[in-house]
Amino acid sequence: MTTPTTSSPTTPPAAPAPGTAPAAPGRAEAPDAASAPQRTRSEAELKALVEEANELFGQRNADTQELLAWAGRTFGKSLAVACSMASDTVVPALVSQHIKNVDVLFLDTGYHFQETIDTRDSFASDWPVNVRTLLPRLTVPEQDAEFGAKLHDREPAMCCGMRKVEPLDNALAGYEAWVTGLRREETPHRANAAPVEWDERHHMVKINAIVDWTFDDVVSWAETNLVVVNPLLTQGYPSIGCAPCTRKVAPGEDPRAGRWSGLGKTECGIHV
């Protein structure tokens, strides 16, 4: 495995000067906000780039910095980063070393822990990125009025679909590639993920920049490079989602055991 330490640690770039930082860190956008770029390559051209990347980087042990340098040269501003503002803040930090003011997509479900919102705001202020906070079509009170309170307890897949999957689908439509914080060790479903894949759902290139990393690798890189991570990670929450659907994990439990506990659900739908 090519671990994060094979590349020299990088001190975070200085925060933008006053007046040049992203307007209102975590600024909220309606799901149909027309602020994303428009695709210029055909689907066939994008699939050819996936094949090129697979030849360059293989299916495992890709060097993260080399992978992201390729992504920066190839896609530039037609690339976005998805970030849940947990431990995956290292991903937009890494990408920002190759694409300045890269778009970072954060899904504000209306159910987040306050620590997650605070992490978003701190990260947006610290790094040269453009955080786009994406909103669902319905507010929580509107969803409650239409579907009944606590839909997440009764129909978690429906709730995730409306509050996470749909807004992200809409936001990604204009980009040609997106970078995720998906890691193989997280779930059996993710165990065979490649560094670069064709995303059939979104018809675009999917770059799993830290797919080979362990949780310890992520924490180490964040500490070395002064990247803010969600403080709940050190308070018994190794995997952080919406507050009603996330509980603390007991010692020895699977790191994602606290997500949708007791519901037989391990994915929100974004990566399936």
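Before any of the text, the structure's been laid out above.
Only a predicted model underlies this, so the values are computations on that prediction, with no experimental measurement involved.

Engineer: Summarise the packing of helix H5 (residues 140-147) against helix H7 (residues 156-172); cite the residues concerned and give the values.
Structural biologist: Think of two packed helices as two axes; the pair is described by the angle between the axes and how far apart they sit. For the pair H5 and H7, the least separation of the axes is 12 Å and the interaxial angle reads 140 degrees. The angle between H5 and H7 places the two elements in the oblique class. In the packing of H5 onto H7, the handedness of the crossing is right-handed. Residues Val 140, Gln 143 and Phe 147 of H5 touch H7, and the partners they reach there are Met 158, Cys 159, Met 162 and Arg 163. Tallied by class, the residues present in the contact of H5 with H7 amount to five nonpolar, one polar and one charged.

Engineer: Could you give an account of unusual backbone geometry, with specific residues and numbers?
Structural biologist: The backbone of Lys 150 sits at a positive phi, close to 55 degrees, despite the residue not being glycine. Checked against the element boundaries, Lys 150 lands in the loop between H5 and helix H6 (151-154). With a relative accessible area of 53%, Lys 150 lands in the exposed category. Phi is positive for Leu 226, close to 60 degrees, though the residue is something other than glycine. Here Leu 226 lies in the segment after helix H8 (215-224). Residue class for Leu 226 comes out exposed when judged on its relative accessible area of 60%.

Engineer: Mind laying out the pairing of strand E3 (residues 102-107), listing which residues take part and the relevant values?
Structural biologist: Across the six residues of E3, six count as buried, placing the element largely inside the fold. Of the two faces of E3, both are covered, the one formed by Val 102, Val 104 and Phe 106 as well as the one formed by Asp 103, Leu 105 and Leu 107. Sheet topology places strand E2 (residues 79-82) next to E3; three bridges connect them, and they run parallel. Paired with Ala 80 across the bridge in E3 is Asp 103. The parallel pair E2 and E3, bridged by helix H3 (residues 90-96), forms a crossover whose chirality is right-handed. Relative to strand E4 (residues 129-134), E3 runs parallel, the two sharing six bridges. By the bridge assignment for E4, Leu 105 is matched with Arg 132. With helix H4 (residues 114-126) bridging E3 and the parallel E4, this β-α-β connection has right-handed handedness.

Engineer: Kindly report on the packing of helix H1 (residues 43-57) against helix H2 (residues 64-75), identifying the contributing residues and their values.
Structural biologist: The N-to-C vectors of H1 and H2 enclose an angle of 155 degrees; their axes lie 12 Å apart at closest approach. One way to sum up the angle between H1 and H2 is to call them roughly antiparallel. By crossing handedness, the relation of H1 to H2 is classed as right-handed. Contacts between H1 and H2 involve Leu 46, Leu 49, Glu 52, Ala 53, Leu 56 and Phe 57 from the first element and Glu 66, Leu 67, Trp 70, Thr 74 and Phe 75 from the second. In terms of residue class, the contact of H1 with H2 is made up of eight nonpolar, one polar and two charged.

The rules behind each value
- Residues numbered from 1 in each chain as written.
- Predicted model: local features only at pLDDT ≥ 70, side-chain atom pairs only at ≥ 80, totals over all residues.
- Heavy atoms only, no water.
- Axes fitted to C-alpha atoms, helices over the stretch in contact; angles between N-to-C directions.
- Helix = DSSP H or I, 4+ residues; strand = E, 2+ residues; numbered from the N terminus.
- Parallel < 35°, antiparallel > 145°, perpendicular 65-115°, else oblique.
- Left-handed = near helix turned anticlockwise from the far one by under 90°.
- Contact = heavy atoms within 4.5 Å.
- Nonpolar A, V, L, I, M, F, W, Y, C, P; charged D, E, K, R; others polar.
- Buried < 20%, exposed > 50% of the residue type's maximum accessible area, 1.4 Å probe, protein only.
- Pairing = 2+ DSSP bridges.
- Right-handed = clockwise from strand over helix to strand, strands pointing away.

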